[in-house]
Amino acid sequence: MTAPHRHTIGVTRRELLQVGYSGLLGLGLANAATAAPRKKPKSLIIVFLTGAASHLETWDPKPDAPAEIRGELGAIQTRTPGLLACEAMPKLAARSDKFAVVRSLAHRENNHLVATHHVLTGHQQPGAFFDKVASRDDFPNYAAGRSYFHKPPEGTPGGVNLPTYLQEGPLLWPGQYAGFLGPNHDPMQVTADPNKPDFRIDNLRPAAGMDVDQLRDRVALLDAVNAQQRWLAESAETKKLSDQQHQAVSVLTSGAVARAFEIDREPAAVRDKYGRHAFGQSILMARRLVEAGVPVVQANMGRVQNWDTHGNNFKRMKDELLPPTDRGVAALIDDLGDRGMLDDTLVMVLGEFGRTPKVDSKTAGRDHWASCFCGLFAGAGVRPGQVIGRSDKSGGYPVTTPYSPDDIGATVYSVLGVDPTAEVRDRLNRPVQLNRGRVITPLFDGRSE
């Protein structure tokens, strides 16, 4: 009798067939990704004001307008000629020479879900209707689009979203995923507050008692099972699981991204500068992840719809929303500059639309308004210290060239080293143009249109 065939890690064929996939790794990495001035692809940090910040209480205040438009918060001068800021953003106002503001963003979607898809993918949602939830028919977000054309190094996800998941009840926000590009290009979703003392990403750590060598042995075992059980390898869902398991192992064994999540390694003084709150520490985490090689990071400022100020707009903006964002983004711009990272990192701060020019007198709130809103852009070749675009006297509509989310997408993809007009394939294998916008060229050449 011949001896049973043994694999490189000392397991017999019979044992392999008995093991299957269950419990092989003891870890997971849900929704892990596979994976510009065109000279060199750059990175992207999106500080997303989910729910939509009021443009009149950020970068387009109207101090000379009637009270029902002006609102309750004052305006302050910035270091940029022609640009006022809300009084609750003194740190960013003092640093306006390091970034540009576009005040003429506009589109037509006043629904949170549909508008979020548009802003975070650079394309209108296919078959959009009120509260259309995420699906695999959606367009890919920027992390997925970049991953499709530029696969990141082994052990690095194509993107990370943190620290909140954009979902409310049955409503799952589109724009967080790879859409029709498939789950292998989905960004990693982190739902943990990095400001908490016990913050940790458990699915980036080996199971208790398992070292890296043991982990590699389990990967070899997994590969052996795949080779022996061809029917499993031919299953699309099994291949998806296997790819995600291998990506998890790559992150663990490479170490760079895993270490980036160890925010307690950061000097206390740096953490203090960003602010010891979820907003500031999430923005700091975004910087750490980009520094570790993650090409696209989205930091959501609060739970889904956090900036949806239909009521109590002025108090919430002044006391709760703007101060931590002001501190965190100001620290990020300083930090990226000090580390020599600003030239290679595009920072984008915006929500999915703006708020109504006229204040609701009963609720002291502002409602949805997609016809005009603002965005902050810094780094990656953006010409700082400029304001692009202008709205009318009430902040209702742009009176200069309007820029759509499609144009934001063209700009982002250009910075990430992806041709916005590139062709991708949808779920029916039909050719689809990735983006139909145009680059917001004044951001880079300073020439107003």
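So, here is what we can say about the structure in this document. Residue numbering note: each chain is counted from 1, following its sequence as written. pLDDT decides what is reported in this predicted model: residues at 70 or higher carry local features, side-chain atom pairs at 80 or more are listed and counted, and totals for whole chains, interfaces and linings draw on all residues regardless. Just so you know, side-chain values use all the structure's heavy atoms and leave hydrogens and water out.

### Section: the side chain of His 123
1) Next: The secondary structure listing takes helices from DSSP runs of H or I that are at least 4 residues long and strands from runs of E that are at least 2 residues long, numbered from the N terminus. Mapped onto the fold, His 123 is located in the loop between α4 (112-121) and α5 (142-149).
2) Next: Excluding its chain neighbours within four sequence positions, the residues that come into contact with His 123 are His 117, His 118, Phe 139, Asp 406, Gln 433 and Leu 434. Whether two residues are in contact is decided by their heavy atoms: any pair within 4.5 Å suffices.

### Some thoughts on the nonpolar core
Soluble globular proteins: nonpolar side chains tend toward being buried together.
1) Next: Formed by 57 residues in total, the largest nonpolar core has its most connected members in Trp 59, Phe 261, Leu 289 and Trp 307.
2) Next: Here this core takes ten residues from helix α12 (residues 313-338), the largest share from any one element.
3) Next: Counting residues in each nonpolar core, the second largest holds 40 residues, with Ile 46, Tyr 142, Ala 178 and Phe 373 among its members. Each nonpolar core is a collection of buried residues, namely Ala, Val, Leu, Ile, Met, Phe, Trp, Tyr and Cys, held together in the definition by side-chain atoms within 4.5 Å. Any residue under 20% of the maximum accessible area for its type is buried, any over 50% is exposed, and the rest in between are partly exposed; the area is computed with a 1.4 Å probe on protein chains only.

### Details of the pairing of strand β1 (residues 43-48)
1) Next: Of all six residues that make up β1, six are buried, and the element is covered over most of its length.
2) Next: Of the two faces of β1, the one carrying Ser 43, Ile 45 and Val 47 and the one carrying Leu 44, Ile 46 and Phe 48 are both buried.
3) Next: Any two strands with at least two DSSP-identified bridges between them are counted as paired. Judged from the six bridges that link them, β1 and strand β10 (residues 345-350) form a sheet pairing that is parallel. When the bridges of β10 are listed, Ile 46 appears paired with Met 348.
4) Next: Bridge count for β1 against strand β9 (residues 296-300) is five bridges, and the pairing is parallel. Looking at β9, one finds that Phe 48 is bridged to Asn 300.

### With respect to the pattern of salt bridges
1) Next: The rule for a salt bridge is simple: a side-chain nitrogen of Lys or Arg has to be within 4 Å of a carboxyl oxygen of Asp or Glu. All told, the structure shown has 23 salt bridges when counted by the stated rule.
2) Next: We note a salt bridge from Asp 97 to Arg 79, for which the minimum N-O separation is 3.7 Å. Here Asp 97 is found in the loop between α3 (90-93) and β4 (100-105), whereas its partner Arg 79 is found in the loop between β2 (75-77) and β3 (84-86), with 18 residues between them in sequence.
3) Next: The class of Asp 97 is partly exposed, set by a relative accessible area of 32%.
4) Next: The exposure class assigned to Arg 79 is exposed, which follows from its relative accessible area of 57%.
5) Next: In the salt-bridge network here, residues are joined through shared partners; they are Glu 266, Arg 287, Arg 288, Glu 291, Asp 335 and Arg 339.

### Side note on helix α11 (residues 278-291)
Residues separated by three or four positions in an α-helix point in the same direction, a consequence of the helix having 3.6 residues per turn.
1) Next: With 14 residues, α11 extends 20 Å between its outermost C-alpha atoms, agreeing within 8% with the 20 Å of an ideal straight helix rising 1.5 Å per residue.
2) Next: Among the 14 residues that make up α11, twelve are buried, leaving the element largely enclosed by the rest of the structure.
3) Next: Just downstream of α11 lies Gly 293, where phi reads positive at about 110°. Residue count minus one, scaled by 1.5 Å, sets the expected span of a helix.

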